[in-house]
Each structure stands twice: as C-alpha cells, then as structure tokens.
Amino acid sequence: MEKKQNNSLFTDVKWLLLKILLLGIIFAVVWIFLLGICRNGDESMNPAIRAGDLVIYDRLTQEYHTGDVVVIKQDGGRQIRRVAAVSGDVVDVTEEGLNVNGYQQQEADIYTETLPYKNGIEYPLTVGEGQIFVLGDNRISAEDGRIYGTTDLKDVQGVVMTVIRRRNI
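For every chain, the first residue of the written sequence is number 1, and numbering continues from 1 onward in sequence order. Side-chain atom pairs in this predicted model are given and counted only at pLDDT of 80 or more, local residue features only at pLDDT of at least 70, and totals for whole chains, interfaces and linings cover all residues. Side-chain calculation: all heavy atoms of the structure are included, whereas hydrogens and water are not.

Strand-to-strand pairing in sheets goes through backbone hydrogen bonds, with the strands running parallel or antiparallel. Read from one edge to the other, the open sheet built from seven strands follows the order β1-β2-β11-β3-β4-β9-β10, with strand pairing classed as antiparallel. A strand with exactly one partner marks an edge of an open sheet, and here the two such strands are β1 (35-39) and β10 (151-152). Only strands that DSSP links by at least two bridges are regarded as paired with each other. Put simply, DSSP marks the helices as runs of H or I at least four residues long and the strands as runs of E at least two long, and each gets a number from the N terminus on. Both strand β9 (residues 131-135) and β10 contribute to a ladder of two bridges, which runs antiparallel. By the bridge assignment, isoleucine 132 is partnered in β10 with threonine 151.

Right, let's get into the packing of aromatic side chains. Aromatic pairing here means that ring centres of Phe, Tyr or Trp (its six-membered ring) are within 6.5 Å. Orientation follows from the plane angle: under 30 degrees is stacked, over 60 is edge-to-face, and everything else is tilted. Within this structure, the stated rule accounts for one aromatic pair. It is arginine 146 that lies over the ring of tyrosine 117; its NZ or CZ is 4.4 Å from the centre. Geometrically, a charge over a ring is one whose NZ (Lys) or CZ (Arg) sits within 6 Å of the ring centre while staying within 35 degrees of the ring normal.

Right, let's get into the side chain of glutamine 131. Looking at where glutamine 131 falls in the secondary structure, it is placed in strand β9. When accessible area is computed with a 1.4 Å probe and restricted to protein chains, residues below 20% of their type maximum are described as buried, those above 50% as exposed, and intermediate ones as partly exposed. On the basis of relative accessible area, glutamine 131 is assigned to the buried category, the value being 19%. Pairing of N or O atoms within 3.5 Å defines a polar contact, subject to two protein rules: one partner must be a possible hydrogen donor and the other a possible acceptor, and residues neighboring in sequence count only if both atoms are side-chain atoms. Polar contacts involving the side chain of glutamine 131 include one to the side chain of threonine 150, which spans 3.2 Å. We call two residues contacting when some pair of their heavy atoms lies within 4.5 Å. In this structure glutamine 131 touches Val86, Ser87, Thr150, Thr151, Asp152 and Leu153, once residues within four positions along its chain are discounted.

As far as function goes, none of this settles anything; it's purely spatial.
Structure representation (structure tokens):
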C-alpha cells in the first residue's frame, strides 16, 4: 500500500515539472518571436514615454503608419520613436515646423516645436522604399531622423503596444 502512494507522488511531481517546463517553453516562444520588451533610455519621447519606462512591443507587425510608435535599432542601441513619414512621403522641416507631402502637420500630442537641426540632414527628404522617417515627441532634444535621416524597415524591431511606468523601481 505504501509503495503505491509513493509511486503516485512521484508521478504527480513528474507531471507538475512537465507542465512547468511546457509553460516555460510557451513563455519563451512568445517573448522571443512575438513580443519584445525595451527600456526607454532618454527623454526623447516625453511625456508619452519617459526615461526608464518599459515598453512592450509587437515583433510581427511589418506595416507601419504615420503616428505609430516603434522600437528601432540605431547607433548600436534601441530607440523608441514616432513614425512621421512612410515610403514615398516627402519630408521638410522648416522654421514653421514639420511638412509632409507639402502639408503642415498638426500633431495634437506634440507640445514642442519641430525645428531642423543645424548639423542634421538636408531637406526636402524623400522617404525611400523600405524606409520610414521617425521623430521623438520631445522635439527640442530628441536624437531622431532630423540627425540620421530615414530608418530602414530591417532596423525596426516592432510597434509599441503598451507602456509600463517605472517610478522609483
């Protein structure tokens, strides 16, 4: 009688470990292939995303639209920026602000002026096939497309899905 109970306990522990392993594999697959997590390292997206905030992004999205917030690889690191123009758009940043395809952009969530950088790229700029043009929301201090130009789609890691505020963690 005692041997049967011991064997049953061993079987239960084996099944529990197998379930934990299966859940771990599923979790790893989701985070490696479907979702990503990134820490925002600067104030370029303030106030929408602050320095130190974590973002969860979708790796599967391959089509980007104006206004999408994306995670990109730039200068050996990752940046979080907003898509300002897509393939075929003509971008011009003047003293009056951001113009895309000849139209002055009215961006409700941008609280600072969009001005060109003295040491930045030359305008007007046509966004090539397989590229996007990105800007930070905090346009005064953002290191964005006004400095390095367009971003290839191969350097876009995904579209931001949610922001996790990290205050005093």
